[in-house]
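# Working through the structure, step by step
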Amino acid sequence: MNNRVFTGVALLALVVLSVLFLWQPWNPGPALKLGLDLQGGLRVTLVADVPNPDPEDLATARNIVENRVNQFGVAEALVTTIGNHKIGVELPGLTSEDQQRALDLIGQQAVLEFRIVKAEANSLPTSALTLDDLEPTAFTGEIVQTASAQFQQVPGAPSGPVVVFGIRPADVQAFGNFTGSNVGRRMAIVLDGRIVTAPTLQSRISDSGQITGIDTLDEATDIAVVLRSGSLPISLKVDEVRSIGPTLGQDSINKGTTAAIVGGVLVILAVLLYYGPLFGGVLSFGVLLAMLFIFAVLAGLGAALTLPGLAGLVLTIGAAVDGNVISFERIREELREGRGLRVSMKRGFGNSLSAIIDANITTLLAALALYQYTTGPVRGFAITLAVGIVASVFVNTVVVPYVLGLFARKSDRTYMSKGWELRGLRPVERARPLVISTGLLAVAAIVYTSVAGLNLSTDFTGGSSTLLEVPASTTITDIRRTIDELGFPGVTGESATIVESSEKAADGSRQVSVRVGLGNESQSSSDDFAMKLAAATGSTKLSSDFVGPSVGADLRRGAIMAVVVALLLVLAYLAWRFWPNWVVALAVVLASAHDVAITMGVQALFGIEFSIPVLAALLFVVGYSLNDSIIVADRIRENVRVIRNKSYRELVNLAVNQTLTRTVATSATTLLPVLALLFFGGSVLRGFSITLLVGIGVGTFPASNAASCWTQISSVLLNERDRNRAANSNARAQSSPD
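What counts, and where the lines are drawn
- Residues numbered from 1 in each chain as written.
- Predicted model: local features only at pLDDT ≥ 70, side-chain atom pairs only at ≥ 80, totals over all residues.
- Heavy atoms only, no water.
- Helix = DSSP H or I, 4+ residues; strand = E, 2+ residues; numbered from the N terminus.
- Buried < 20%, exposed > 50% of the residue type's maximum accessible area, 1.4 Å probe, protein only.
- Areas by Shrake-Rupley, 256 points an atom, 1.4 Å probe, with all protein chains shown as cover.
- Phe/Tyr/Trp six-rings, centres within 6.5 Å; stacked < 30°, edge-to-face > 60°.
- Lys NZ or Arg CZ within 6 Å of the ring centre and 35° of its normal.
- Core = buried A, V, L, I, M, F, W, Y, C linked by side-chain atoms within 4.5 Å.
- Contact = heavy atoms within 4.5 Å.
- Pairing = 2+ DSSP bridges.
- Axes fitted to C-alpha atoms, helices over the stretch in contact; angles between N-to-C directions.
- Parallel < 35°, antiparallel > 145°, perpendicular 65-115°, else oblique.
- Left-handed = near helix turned anticlockwise from the far one by under 90°.
- Salt bridge = Lys/Arg side-chain N within 4 Å of Asp/Glu carboxyl O.
- pLDDT = per-residue confidence, 0-100.
- Patch = residues over 30% accessible without salt bridge, like charges linked within 9 Å, V, L, I, M, F, W, Y side chains within 5 Å.
- Arc of directions from axis to C-beta.

Turning our eyes to something else, we now look at the overall build of the protein. When its secondary structure is counted, the protein shows 18 helices and 19 strands. Across the 738 residues in the protein, those meeting the buried criterion constitute 52%. With an accessible surface of roughly 32300 Å², the protein has 60% of that area assigned to carbon and sulfur atoms.

With that settled, consider the packing of aromatic side chains. Describing an aromatic ring pair means giving the distance of the ring centres and the angle of the ring planes. The tally for this structure, following the rule as stated, stands at eleven aromatic pairs. Aromatic pair tyrosine 274 and tyrosine 275: ring centres 4.7 Å apart, planes at 75°, arrangement edge-to-face. Judged by its relative accessible area of 1%, tyrosine 275 falls in the buried class. The lysine or arginine in question, arginine 332, covers the ring of tyrosine 274, its NZ or CZ lying 4.6 Å from the ring centre.

Let's shift gears to the nonpolar core. For soluble globular proteins, nonpolar side chains are generally found buried alongside one another. In this structure, Leu370, Phe381, Leu574, Val588, Phe610, Phe620 and Leu692 are the most contacted members of the largest nonpolar core, which totals 49 residues. Counting residues per element, the ones that place at least two in this core are helix H7 (307–336), helix H8 (341–373), helix H9 (376–410), helix H14 (553–577), helix H15 (583–606), helix H16 (612–642), helix H17 (648–680) and helix H18 (686–735). Residue contributions to this core peak at 14 residues, all from H16. Setting aside chain neighbours within four positions, we find valine 588 in contact with Leu574, Leu626, Ser629 and Ile630. Grouped together as the second largest cluster of nonpolar side chains are 37 residues, Ile294, Ala320, Tyr402 and Val403 included.

What follows concerns the pairing of strand E4 (residues 86–92). With six of seven residues buried, E4 is to be regarded as a mostly interior element. Where strand E2 (residues 41–48) meets E4, seven bridges bridge the pair, whose relative direction is antiparallel. When the bridges of E4 are listed, threonine 45 appears paired with glycine 88. Alignment of strand E3 (residues 78–82) against E4, held across five bridges, turns out to be antiparallel. Bridging from a neighbouring strand, valine 79 pairs with valine 89 of E4. Linking two consecutive strands that pair antiparallel, namely E3 and E4, is a turn of three residues; a positive phi of about 60° is found at glycine 83 within it.

Within the secondary structure layout, threonine 45 lies in strand E2. Among residues more than four places away in sequence, those in contact with threonine 45 are Lys86, Ile87, Lys237, Val238, Asp239 and Glu240.

The next point concerns the packing of H8 against H16. Two numbers describe how H8 lies on H16: the axes approach to 9 Å, and their chain directions differ by 150°. Taken together, the axes of H8 and H16 lie roughly antiparallel to each other. The interaxial crossing formed by H8 with H16 has right-handed handedness. From H8, Asn351, Ser354, Ala355, Asp358, Ala359, Thr362, Thr363 and Leu370 reach across to H16, where they touch Leu619, Gly623, Leu626, Asn627, Ile630, Ile631, Asp634, Arg637 and Glu638.

To continue, consider the pattern of salt bridges. Going through the model one piece at a time under the given rule, you end up with 13 salt bridges. Glutamate 329 serves as the salt-bridge partner of arginine 332, at 3.3 Å between the closest nitrogen and oxygen. Separated by three residues within a single helix, arginine 332 and glutamate 329 lie in helix H7, roughly one turn from each other. For the pair arginine 332 and glutamate 329, one class covers both residues: buried. As a salt-bridge pair, arginine 637 and aspartate 634 come within 2.4 Å of each other at their nearest N and O atoms. Of this pair, arginine 637 and aspartate 634 both sit in helix H16, three residues apart, which is roughly one turn of that helix. In this pair, the class of arginine 637 matches that of aspartate 634, namely buried. One salt-bridge network, held together by shared partners, links Arg330, Glu333, Arg635 and Glu638.

It is worth spelling out the confidence of the model for the protein at this point. Residues of the protein with pLDDT of at least 70 account for 84%, and the chain-wide mean is 78. Within the protein, the element-level pLDDT minimum falls on H18, averaging 59, and the maximum on helix H4 (residues 172–180), averaging 89. Note that pLDDT drops below 50 for residues 715–720; the model gives that stretch four contacts with residues more than four away or on any other chain.

Looking now at a nonpolar patch on the surface. A cluster of nonpolar side chains, Leu12, Leu14, Val16, Leu17, Val19, Leu20, Phe21, Trp23 and Trp26, forms an exposed patch at the surface whose accessible area comes to about 890 Å². Its place among the elements puts valine 19 in helix H1 (residues 3–23). Residue classification places valine 19 among the partly exposed positions, given a relative accessible area of 42%.

Quick look at the sheet that holds strand E8 (residues 160–167) now. The strand order E7-E8-E11 describes an open sheet built from three strands, whose pairing is antiparallel. A single partner strand is all that each edge strand has here, and the edge strands are strand E7 (144–152) and strand E11 (208–211). This sheet shows a mean twist of 25° between the axes of neighbouring strands, independent of strand direction. As judged from the eight bridges shared by E7 and E8, these two strands associate in the antiparallel manner. Looking at the pairing, threonine 146 lines up with glycine 166 of E8. The sheet contacts of helix H5 (residues 217–229) involve E7, E8 and E11, and relative to E7 the element is tilted by about 170°.

Taken as a whole, H4 has its buried residues at Phe175, Gly176, Phe178 and Thr179. When H4 is viewed along its axis, its buried side chains cluster within an angular range of 160° and face the same direction. Where H4 is buried, its residues contact strand E5 (112–116), strand E6 (139–140), E8 and strand E9 (187–191).

Here it is as structure tokens:
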């Protein structure tokens, strides 16, 4: 079997496998899960046993519940405080079995105790032991640092599920002394007043132990989750469970779907017109195949696709298009040199490989940092981005060359124009004023954002939550319009989070939750808004409460840490890749910081609401800017290596000219779906689409400006090398025979 046949069979197998993962005939539910914002799910309200718990205890309980839900594997759940004694948990698309497990898990107080069995009860089986048969608590679950579920299959020991736990280093000595002094006695492990197991201590236990006597692996997994997340400071019980619709609103879902279809059609038409039926058709096929692979992997991982995830998907589709554009433009260069199609394809794909790899590895590093340090929707963005990057690189470097190679064997016709060659632009000569002006603009944007602040959504600030019983004839669009007409300062229908209940009464009425940020967050202002909204929509007000932010402090800190770590990783990788011209790494990072600063400045200037989807769009800007700047830098590196009779500044100018057509083509194809989202996606998605639009605009401009910035920074460092190169060139010319 030759390489061509092997590659074809492998690709066919991957396609079949991807279709199976998306179809999943063995799974009765949908294979690809959608998040709360796109599909809806289950809303659980937990209420504290005590009437007015301490606010700090309620906030701590919220964080613990969020950690449990995330570790349980529920993707993109939202957890908020409600009023002064409730916690709301919204869970996307769970099966009935998983719903009950989640309910049992999130409300469990998880108080773990280690207690010695009294001597007179030592002979009783574990099932017959009561709490009165135990000595006072020696240690609690606070000493547990790690916990994991395993299936024990050790010779000589009973097999079955166990929980293996590790002790905090600070408590290892004390726990070891305790178990060591009680060797031969039974130690009971008690969870929420239930004796789980009571084994006999055979030897001293210091840094780790096991919990046995567990019936199923699912139960062991749940126990491990609550041990890792810690015990709740207050007791919670389930107050209400209700099915809800998508948090983005069905009206916005419908408009977003229309925008996605329009944007996809526009991209396909654009590449067909620009690259012709052969190259354009194969590019479109490659992008569709990349999306198939991405959705199949997400389905296999059980990940939920949300609006932030779609931002990552847009970025990866842009990467898939960009990788092909880089290769196709290099093929065009070879065709203009008079080479045949097969030779041009071989050289074009080969010469573009390093740029594709470098650009995508830096984006992958950013995705890994986001995954490591964040949770919830931002982690969903990172997962989609990472999966998409791997799929895009595979399609760009394997699938597209293979398919084009099949066609090239039969005909040398490209059905594609040879394009045009730019040589007149000289950006380096204008680098100094350009760098100074754009740098000042970025600094001004940072200062303005710091002073004016961002218009944070209720995702970050919390707000007022109103529960209404609305008539059957009232739509979400009607409610948004009514909110605008009420005229509360800073409150718009566009910024409101409106969630419908999936359950309807006999007369068609249904419950709708409306969450807005009122600025003056007090119970009186919340009640006033709720009463006026109910009256204006002909609805019945059921309740109104202040809800806390759905984005906790941990996620905010994690997102900032992830961006910092990502930029440091990119800096280190590019410094290694471009060594000894390490300064390119600094230039690329500065260009990305420049783009993010200006984009945030625009958000602050026009009061664009900063929500979780907009945060994902801002992360998109980071990845897009890195990609664009690296393409230019990679071409400069190549020119320095292969062209020996030009100065460094001339090589930079040449690289910008060589990559400009690729920059325009990539930006145009990425802008098309964003523009479709802006015009067809509705008001709720406007902030998301404007952020993408501004980010692509400023990210495209520094693609040439980054090279200029790099030149300005490195000119002093490279002057000596330029002089040496010129001297060596002159010496070779003088020593050559006439």
